[in-house]
Structure formats: structure tokens, C-alpha cells
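Structure assessment
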Amino acid sequence: MTDRFFAEPAAHPRLLEPGATTALATGWAERGAARIDDALEPGLVARIAAVAPQLPVTPHMDAAGREVTWTSRIEMPEVTGLNYPSCLYRAVRFARDDLPPLVRAITGAPLAVEAPFEIRVCALKMGSYIDAGAGGVEAFLWLDAPEWPDEWGGRVELLDDSGAVVTALAPRAGALDLVPSERYRITLVERDVACVALRYSLAAAPEGA
Amino acid sequence: MLRADLTTDEGIAALRDRWSTHPRGIRIRDALEPQIAESLLTTLRAQPHALLAASSVNISYQYLASASIPDDECDHELCAFGRWLFGDSCAWLSRITNLDLAPAPDRQMIATLYTRGSYLSLHNDYDGKRKVAFIYGLTPPGEHLVEPDGHLDLLAASDDGVSIVERRPPGWNTLDLFEVTGKTQWHRVNIVREHRERRAIAGWYY
């Protein structure tokens, strides 16, 4: 990871300043979810958003019927080459090096992105939804989302122990949403609209990591 | 295969009357013998269905489907149903519709499963060859889908674009038939918002 695309942080510089995550950590403690607007360095989301629609998303339903999304998974090489736009390497840098300490600062949990070299595009279209999964933290970095009324569905909802909604967030371009994997859902998209995110699953970091 | 009274001269005459007075087609309830419907449901529940989804300017859809071609030698209910579908049903339905109908050339029987998130956007089935669309409903009794979830809307052009002429709920042992020879015979299946099981076998006569 000595390449120039990996060398510098891809997170927004303000997030690297001391105390930058204090309010987010407080919000996590109170609500169990966090939204970070403009999470990446200036211009990076727009560059990724320009590339992401060219990646071949295919409809996917998990075996238990807990999720229908349009997904593309691109395994990035560890050295940069000519085949991929630089912004995707910067997304890898964010996943591998920037996101885990950010999540730890906010949640207190030492987690790692399960597949940091994988670009996992998650598109929500009409009929898409996600129900809660296993433990850890799920992160959605919204790349492209129009003004998104609640009645369209597609909201990230955090649930309490009784299943009641305690936080609801509509997709918003540039925002990074962090939610506990076992207590969230993305509501059914009921209109013929679409939004695109990079999706990261964070789980307990391997020992020694 | 069909309920016995539907194949008598009187039964066919009654259906022909309904067809001629309902330009957007008819629904035949209790279409097959009940034990056949039960057997078909059991079989389809055991079959793997693949997720089909597309999103384009012309049509969008998302549902699960399973395709099969009936075996001429097999005595299983699904193959027997397929042989009827691509055989005797054509003559029966031709008498009802006064159309000269033929089965689908590929003899593919398409079973669909609409569950949460499934839908079929507004479209017509026009391709210059299809004449009558059929939907044999196999949504299990008690699998209540709140309107409009999974309901079939038949629509017509209006001043506001299109308007609903008729809405049909998912059916159990129902046979929906409607003509698709024109470009304005619009229809759609509304999105299913809950985890439900809306099943059908659907296709066209040519």
C-alpha cells in the first residue's frame, strides 16, 4: 500500500481533526446510528458516482429473502494499474484505512471492513429492501440520490428492541450512514426511482490486525 | 383438467357470453378440479425460482420465476397441466373467444412467484403474434394481500394518461383471460409490500 492513491487519507480532512467525531459518538450512544455528511475528501464522491453507474449491477436476493438489491462486486488489485479509475483505489483506501478508525471512534468497537479491496456497489431500485442481518456495523456511502421523499421508501431505519423505528434517514448523496447490522433495515422502495451507494460490512477485526 | 361444467356446451356458451360482454377479459373461478390446484401448488413450492428483474424505459419488473417444458410421458400434475395448456385448452378457449388460438411455440410453462418487492410495471403484451394472455392464479387461500399489493390492474387510456378499468386480486384456482392484440391493452401488477406468496402460471395463446 505504498502507491500514491493509497498513501493519503480519502476521508474528509475535517474528520481527521481532534474531536471531530465527538458529536457523532454522542449521537451513536443516544440513537445507535450515525450520519456523516460529506464523508470523503472533496470531489471524491462525485468522481466515484460518475464511475459507479458503469459497473454492472445485477439483481440479488439473499437465500432467506431478507434482501433484494442491485449489486456489483469488483475485486480491486492491491497495486494500481491502468484498468481502474483512481477514484476506486481511493475508495479502497477509505475502506481499508480510514473507515475502521472512524467507526471505532464513533462506536467504540474495533471493527474492520470484511472485504476492503472489494468495491461493492449497492443500488436501490423499485422493489429493493434490506432487513437486518448479523452483528457488526453496516455502512452506506451514498453516491447518487435525488431529493428523496419519505413515501418513496428506501429509508435507512434503526430499530429498537421492540422493532420500533427510532431513527430514519433518507438516502443523501455524499453522506455516510453507519448502523448496527442487527438492528436496521432499508425500507421497500415503492417508486420507480434509484439511488446508489458503496456498501461496507464491518465485523470484528481479526486478532493481530 | 378443467372443472367439468366449464367444458359442457352450456358452460362454454356462458363463458362466451361473458367474454363478448367484457372487453377487458374475464376471470374464471374454481377453474380446475381442486385437487389439481393443490397438487400444482405443492409442486411449484418445491421448484427453485430465479429472481428476474429489469428496469428500463419501456418496462420494469421484479419477480421470481421458474420455467419448464411439459414432458409428454410424465404423469405428474404439472406436466399434465402443461400438456392441457399447450393442447386441449386451445380448442376450448377458441370456442369461448371466437379466436383461432394456438399454444406458445416454445411450450415453456412459466410459473411466477411475487413476494415482497415484486411487481410488473405498466405495459401491454403486444408483439403482433400474441392474442390472449392467461394467468392461472395459485396464490394460496389465506395468503391475504392487502389491496393493491399483487393486484392485477387493467387500464385504459384516459385524459390523465391511463386509468384503472378493473382491479383483480391475486386468485386461488382462478383463470384470468384477456385479449392482447392491441397496443392499448395496458396492465400491471402492483408491488407487493409485505412478505407474501402470490403465485401464478402465466403466458399467452397465439
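Our subject is the structure listed above.
Description of the structure in this document. (Residues numbered from 1 in each chain as written. Chains lettered and ligands numbered in written order. Predicted model: local features only at pLDDT ≥ 70, side-chain atom pairs only at ≥ 80, totals over all residues. Heavy atoms only, no water.)

To continue, consider the nonpolar core. If you look at the biggest cluster of nonpolar residues, it comprises 49 residues, and the most contacted ones within it are Leu99, Ile119, Leu176, Leu178 and Tyr200 of chain A. Here the element with the most residues in this core is helix 4 (residues 86–107) of chain A; it accounts for eleven residues. Leaving out residues up to four positions away in the same chain, leucine 178 of chain A has contacts with Trp28, Ala33, Ala34, Ile36, Leu99, Val103, Ile106, Val137, Glu138 and Ala139 of chain A. Counting 35 residues, the second-largest nonpolar core is a separate cluster that includes Leu2, Leu32, Leu101 and Tyr136 of chain B. (Core = buried A, V, L, I, M, F, W, Y, C linked by side-chain atoms within 4.5 Å. Buried < 20%, exposed > 50% of the residue type's maximum accessible area, 1.4 Å probe, protein only. Helix = DSSP H or I, 4+ residues; strand = E, 2+ residues; numbered from the N terminus. Contact = heavy atoms within 4.5 Å.)

Further remarks concern the side chain of arginine 155 of chain A. Here arginine 155 of chain A lies in the loop between strand 7 (137–144) and strand 8 (156–159). With residues up to four places along the chain from it excluded, the contact list for arginine 155 of chain A reads Asp150, Ala168, Leu169, Ala170, Arg185, Ile186 and Thr187 of chain A.

Below, the discussion takes up empty space enclosed by the protein. All names here are of chain B. For the structure shown, the criterion picks out four cavities of 30 Å³ or more. In this structure, the largest cavity occupies an estimated 60 Å³ of space. At the level of elements, strand 6 (132–138) and strand 11 (198–205) are the ones that each hand at least two residues to the lining of the largest cavity. A class-by-class count of the residues in the lining of the largest cavity yields four nonpolar, three polar and five charged. (1 Å grid on protein atoms, 1.4 Å probe; cavity = no way out; pocket = protein on both sides within 12 Å on 5 of 7 lines; lining within 4 Å. Points joined across faces, edges and corners; volume = space filled by probe spheres on them. Nonpolar A, V, L, I, M, F, W, Y, C, P; charged D, E, K, R; others polar.)

Under the defined criterion, the tally for this structure stands at 27 salt bridges over all chains. A salt bridge links aspartate 62 of chain A to arginine 66 of chain A, with the nearest nitrogen and oxygen atoms 3.9 Å apart. When its relative accessible area of 17% is taken as the criterion, aspartate 62 of chain A is described as buried. Across the pair arginine 45 of chain B and glutamate 197 of chain B runs a salt bridge, and its minimum N-O distance is 2.8 Å. Pair noted here: arginine 45 of chain B is in helix 2 (residues 34–46) and glutamate 197 of chain B is in the loop between strand 10 (186–189) and strand 11, with a separation of 152 residues, a long-range link. Under the relative-accessibility criterion, arginine 45 of chain B is labelled partly exposed at 46%. Residues participating in the shared-partner salt-bridge network are Arg93, Arg96, Asp97 and Asp98 of chain A. (Salt bridge = Lys/Arg side-chain N within 4 Å of Asp/Glu carboxyl O.)

Right, let's talk about helix 3 (residues 77–85) of chain B for a bit. Residues and elements named next belong to chain B. Extensive coverage of helix 3 is indicated by the burial of seven of its nine residues. Within helix 3 the residues assigned to the buried category are Leu78, Cys79, Ala80, Phe81, Gly82, Trp84 and Leu85. Considering only its buried residues, helix 3 is in contact with helix 2, strand 3 (60–68), helix 4 (88–97), strand 4 (109–114), strand 6 and strand 11.

Below, the discussion takes up the layout of surface pockets. Taken as a whole, the largest pocket spans an internal volume of roughly 700 Å³. Lining the largest pocket are 35 residues, with Tyr63, Leu120, Ala202, Gly203 and Trp204 of chain B positioned closest to its centre. Of all elements in the fold, only strand 3, strand 4, strand 5 (119–123), strand 6, strand 10 and strand 11 of chain B reach the threshold of two or more residues within the lining of the largest pocket. No other element matches strand 11 of chain B, which puts six residues into the lining of the largest pocket. Taken together, the residues of the lining of the largest pocket break down into 24 nonpolar, seven polar and four charged. For the second largest pocket, the calculated volume is near 320 Å³. Along the wall of the second largest pocket there are 20 residues; nearest its centre are Arg120, Gly133, Glu138, Arg199 and Ser201 of chain A. Looking at the lining of the second largest pocket, the elements that each hand over two or more residues are strand 3 (67–75) and strand 12 (194–204) of chain A. Here the residues of the lining of the second largest pocket are counted per class, giving five nonpolar, six polar and nine charged.

Moving on, we come to the packing of helix 3 of chain B against helix 4 of chain B. Residues and elements named next belong to chain B. Taken N-terminus to C-terminus, the directions of helix 3 and helix 4 make an angle of 45 degrees; their axes are 5 Å apart at the nearest point. Judged on the interaxial angle alone, helix 4 and helix 3 are oblique. Between helix 3 and helix 4, the contacting residues are Arg83, Trp84 and Leu85 on the first element and Asp88, Ser89, Cys90 and Trp92 on the second. Tallied by class, the residues present in the contact of helix 3 with helix 4 amount to four nonpolar, one polar and two charged. (Axes fitted to C-alpha atoms, helices over the stretch in contact; angles between N-to-C directions. Parallel < 35°, antiparallel > 145°, perpendicular 65-115°, else oblique.)

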